[in-house]
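Per-entry structural report
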Amino acid sequence: MTDPSESMTTPTTGGNGGQWCVDADMDGFGDPASCTDVPPGDPPPPGTVDNDDDCDDGSDKTFPGAAPNDDPNACMRDADDDDWGDNTPDGGGGDGIVPGSDCDDSSGKTFPGAAPNDDPNACMKDEDEDDWGDNDPPGEGGMDEVVPGTDCDDANMNAWASCGGCSDEDSDGWLSMCDAYPPEYPGPDCDDGDADTFPGAAPNDDANACMKDEDGDDWGDDMPTTPGVTPGTDCDDLGAGTFPGAAPNDDANACMKDEDDDDHGDARPGPGVTPGSDCFDANPNLNPSNNVLVTAPLATGEILEVHPDDGSLTPYATVDVLLLNPWIPTSLAVNPMDGSVYAALAFRDSLVTMNYCGAGTPTALPAAHKKNVCGITFDRDGNLYGIDGQVDQLLIFNPDGSLSPENIKPLTFEGKTLNVGDCGMSYDCHEDRLLVSDSASGGIYSVSIADGAATRVADVSQEAHGSGLEYDPTTKLALSCDQNSLISVALDGSNDFTKLADLAAPVDDLMFGPTCD
């Protein structure tokens, strides 16, 4: 098509002169009925061109060569710019407009050969450009009208025969029940009712398999319920912190839960999830990689690291106990909520808290318990428990350190009072149970929070132990001490134990506490 601006910018007729014709529609072709003779050297009239080839100067869609697919020279109308000429132009060709072969010149998707899969020559409509013609196009299908094709859904390029089913019901981009699939979603979708299920949903398992990944961690549900969905290896597809390799410090391949991202697995996850060694999976600062086995000797305020391999005790930290004389700690416990350390003291009726890494002064809790506490421990939810070794009671402390009457339970074994001597206390985070060691009986007991009833889980009466107790989540064994004796004890009822190296000095308590920078 001639650029109209070029035809109108010729400054003069040069030495040729001649006839110049009006180009009202500015398509570069002049109206033969509106021409003017221009002498040589004179400027042509504005809005004229030096030809009279336009067959309709009222339409810039009609000019010679408008429809090159029909005839590159004939003057035709191509209103929809598809390079095919209108087969029924105004005047039927009587005004000089040559009829073309476009059966619908108002649609650029309708022309001869638009649907080559149906007929490479017939004038058909293919709105979705899938090369199949609309089976119900406009018109009646008569002469010079659009020829029906076989595409039952001409608005969907992925369906032409399987119509009524081809869809993306869950809007995840993946289609199902279609005749073709787009390159970016080369489906089909194995579950079109679930946007979390599609091919490649779990690339860490399989980049192509159709899997379900509800928690968005790139691992596939290992037990999908929809037929046709490939099982993955995610043992809990509702938790993004649970997947194979979530806790590499425990196991680089096992499916574990690690909510606090410390690379240790939750010790008590849900069904089907492999337990790890993290007793407090809501606190990234408390785990076996950040814990140290310590004890607090009498009087000095020192915190000593305990080395079970050789029994040595080395200085680790110090607190200022000048205002807490006598300083006689009977038990230590770490609060999983904030990592603070609690201590029970002989001859004092209040618990104290301290940050031994900061070398500060222990602070008494606001309320008094007025008990003779030989052991304390926290559970995973931050509830604090204790044992009164004088009157043999289980204690459930209030946050301020006080005791409500209903939270003081008699400590019993086989229906009788469990008459403890020195005691230790710990929390078995794998079995979610309180443990109490008793130096008098040589037993380790699981104690019911509901009523204080004790069940013996280990009997090691032949060895001195019981004044201190700590649960080791990496071995699922208990460490128990008394004076210089230290043993490791199984908690499965087998009574198996290992006598470890004697301690370098008497030790009354054990705790896996936070490490100091």
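Throughout what follows, the structure given in this document is the object of discussion. (Residues numbered from 1 in each chain as written. Predicted model: local features only at pLDDT ≥ 70, side-chain atom pairs only at ≥ 80, totals over all residues. Heavy atoms only, no water.)

1. Quick word on the environment of serine 402
Considering the arrangement of structural elements, one finds serine 402 in the loop between strand E21 (393-397) and strand E22 (403-410). Counting along the chain gives 54 residues from serine 402 to arginine 348, while the straight-line C-alpha distance between them is 13 Å. In this view, serine 402 contacts Ala367, Ala368 and Phe397; residues no more than four positions away in its chain are not counted. Looking at serine 402, its side chain comes within polar contact range of the side chain of aspartate 400, at 2.6 Å. (Helix = DSSP H or I, 4+ residues; strand = E, 2+ residues; numbered from the N terminus. Contact = heavy atoms within 4.5 Å. Polar contact = N/O pair within 3.5 Å; in protein donor to acceptor, adjacent residues only side chain to side chain.)

2. Description of the state of the cysteines
Inspection of the entire model under this criterion finds 10 disulfides. Disulfide pairing is shown between cysteine 235 and cysteine 255; the S-S distance is 2.1 Å. Here the S-S torsion is close to -95 degrees, and the disulfide linking cysteine 235 with cysteine 255 is therefore left-handed. A residue pair is termed long-range when its members are at least 10 positions apart, and cysteine 235 in the loop between strand E9 (210-212) and strand E10 (242-244) and cysteine 255 in strand E11 (residues 255-257) qualify at 20 residues. By relative accessible area, cysteine 235 is classed as buried at 13%. Each disulfide pairs two cysteine sulfurs, and for cysteine 357 the partner residue is cysteine 516, the sulfurs being separated by 1.9 Å. (Disulfide = S-S within 2.5 Å. Buried < 20%, exposed > 50% of the residue type's maximum accessible area, 1.4 Å probe, protein only.)

3. Quick look at empty space enclosed by the protein
Evaluated as defined, the whole model comprises one cavity of 30 Å³ or more. Forming the boundary of the largest cavity are 23 residues, of which Phe280, Val334, Glu470, Tyr471 and Phe512 lie nearest the centre. Counting only elements with at least two residues in the lining of the largest cavity, the list comes to strand E15 (329-334), strand E19 (373-378), strand E25 (423-428), strand E29 (468-472) and strand E33 (511-514). Along the lines of polarity and charge, the residues of the lining of the largest cavity split into 16 nonpolar, five polar and two charged. (1 Å grid on protein atoms, 1.4 Å probe; cavity = no way out; pocket = protein on both sides within 12 Å on 5 of 7 lines; lining within 4 Å. Points joined across faces, edges and corners; volume = space filled by probe spheres on them. Nonpolar A, V, L, I, M, F, W, Y, C, P; charged D, E, K, R; others polar.)

Purely spatial values, then, with no claim about function.
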